Amino acid sequence: MTGLGAVFRPQLAPERLRAVSRAAEEAGLEELWLWEDCFREGGISTAAAALAWTERLRVGVGLLPVPLRNVAVTAMEAATLHRMFPGRAVLGVGHGVQDWMGQVGARAESPLTLLREHLVALRALLRAERVTSQGRYVRLDDVALDWPPQQAVEVLAGATGPRSLRLAGEAADGTVLTANTPPDGVRRARRLIDEGRAAAGRTGAHKVVVYLLAATGPDAAARVRAELVAEGVEHVPGLGAAGDAQDVAEAVHRLAEAGADTVILQPTGDEPDQEGFVRFAAERVRPLVA
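Below: a short report on this structure. (Residues numbered from 1 in each chain as written. Predicted model: local features only at pLDDT ≥ 70, side-chain atom pairs only at ≥ 80, totals over all residues. Heavy atoms only, no water.)

### Some details on helix α9 (residues 245–258)
Given 3.6 residues per turn, any residue in an α-helix points the same way as the ones three and four places further on.
Thinking step 1. Helix length check: α9 (14 residues) gives 20 Å between terminal C-alpha atoms against 20 Å at 1.5 Å per residue, within 8%.
Thinking step 2. Every buried residue of α9 is accounted for by Ala 245, Val 248, Ala 249, Ala 251, Val 252, Leu 255 and Ala 258.
Thinking step 3. Measuring from the side-chain oxygen of the N-cap residue of α9 to the backbone nitrogen of Gln 246 gives 3.1 Å; that N-cap residue is Asp 244.
Thinking step 4. Residue Gly 259 follows α9 closely and has a positive phi angle near 130°. (Helix = DSSP H or I, 4+ residues; strand = E, 2+ residues; numbered from the N terminus. Expected span 1.5 Å × (residues − 1). Buried < 20%, exposed > 50% of the residue type's maximum accessible area, 1.4 Å probe, protein only. Polar contact = N/O pair within 3.5 Å; in protein donor to acceptor, adjacent residues only side chain to side chain.)

Here you go:
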């Protein structure tokens, strides 16, 4: 069955998260995803709060920008969440928006090298390994977690370009694709991910999570189009879904058929009723998605 979730966008004030998280859980939504966008809300702090306010909801963070984080800190925080809320946290890491990284003096000369080194070290630390690394960016000297996760956990990577997608297949347990990825883009991403997996000799499952810009209500089409125009992708076919539950479910099906394991509905930045949106996803769209 295709997984389904929704995003709590950081354009909303952080104090709104409690009500939205509880609405998502009460409606039976499977996953609520959060973003660590500069300079809005921290991914780990919001994830911890959402997990503490709920009992069953899975909470994803997509993404934690690796230029902002020492890998040991990422591992410590990830392990803490996984031990306190077993099976409910989903964490992804990525390059970060390069303009934002430049604003804080964290732009890497080689984002791909940094992400590779971060993924390798992070996954090793979360497997309770003792790590020494003298990479270009990641340097650890005999580091091991005192409180590693008690079960195997996934580390996802955000990727868009060909080299990043191959790297995700090679060094991550799953991939997060943006809402600017149409079904054909998901198929292309799957091919590149599989190339990376083959090069690394990996044969296990690789989860693909895709965001889908979505809106419902009388002004849904206008709101979705305005956001696509703002992103400069209004002419890309297959992006976004506007209309009733059937319209959104059909868009989810198209992404699933292209290779998405989980589709996360992304409301527009001006969504007027975030609690209503997560209930719409759980109660109206979910029954139509196999």
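### Overview of the pattern of salt bridges
Thinking step 1. Applying the stated rule across the entire model yields 23 salt bridges.
Thinking step 2. Measuring nitrogen to oxygen at the nearest pair gives 3.3 Å for the salt bridge that ties Asp 219 to Arg 223.
Thinking step 3. Since its relative accessible area comes to 38%, Asp 219 is described here as partly exposed.
Thinking step 4. Through salt bridges that share partners, Asp 219, Arg 223, Asp 270 and Glu 271 make up one connected network. (Salt bridge = Lys/Arg side-chain N within 4 Å of Asp/Glu carboxyl O.)

### Let's talk about the packing of aromatic side chains
Thinking step 1. Taken as a whole, this structure holds two aromatic pairs when the rule is applied.
Thinking step 2. Here the aromatic rings of Trp 33 and Tyr 211 are separated by 6.2 Å at their centres, their planes lie at 90°, and the arrangement is edge-to-face. On the criterion of sequence distance, the pair formed by Trp 33 in strand β2 (residues 31–34) and Tyr 211 in strand β9 (residues 207–215) is long-range, its members being 178 residues apart.
Thinking step 3. Looking at Trp 33, the relative accessible area reads 0%, which means it is buried.
Thinking step 4. Centroid distance Trp 35 to Tyr 211: 5.7 Å. Interplanar angle 75°. Geometry classified as edge-to-face. Taken together, the residues Trp 35 in the loop between β2 and α2 (43–53) and Tyr 211 in strand β9 connect sequence positions 176 residues apart. Note on accessibility: Trp 35 and Tyr 211 belong to one class, buried.
Thinking step 5. Through a chain of ring-to-ring contacts, the aromatic side chains of Trp 33, Trp 35 and Tyr 211 assemble into a single cluster. (Phe/Tyr/Trp six-rings, centres within 6.5 Å; stacked < 30°, edge-to-face > 60°.)

### Observations concerning the layout of surface pockets
A probe as big as a water molecule, rolled over the atoms, marks out the empty space that is left.
Thinking step 1. A volume near 880 Å³ is recorded for the largest pocket.
Thinking step 2. For the lining of the largest pocket, the elements supplying multiple residues, two or more each, are β3 (58–65), α4 (98–103), β8 (174–177), β9 and α8 (220–231).
Thinking step 3. When grouped by side-chain class, the residues that make up the lining of the largest pocket number 14 nonpolar, twelve polar and five charged.
Thinking step 4. Computed from the structure, the second largest pocket encloses a volume of approximately 170 Å³.
Thinking step 5. Taken together, the elements giving at least two residues each to the lining of the second largest pocket come down to α5 (111–126) and β6 (139–143). (1 Å grid on protein atoms, 1.4 Å probe; cavity = no way out; pocket = protein on both sides within 12 Å on 5 of 7 lines; lining within 4 Å. Points joined across faces, edges and corners; volume = space filled by probe spheres on them. Nonpolar A, V, L, I, M, F, W, Y, C, P; charged D, E, K, R; others polar.)

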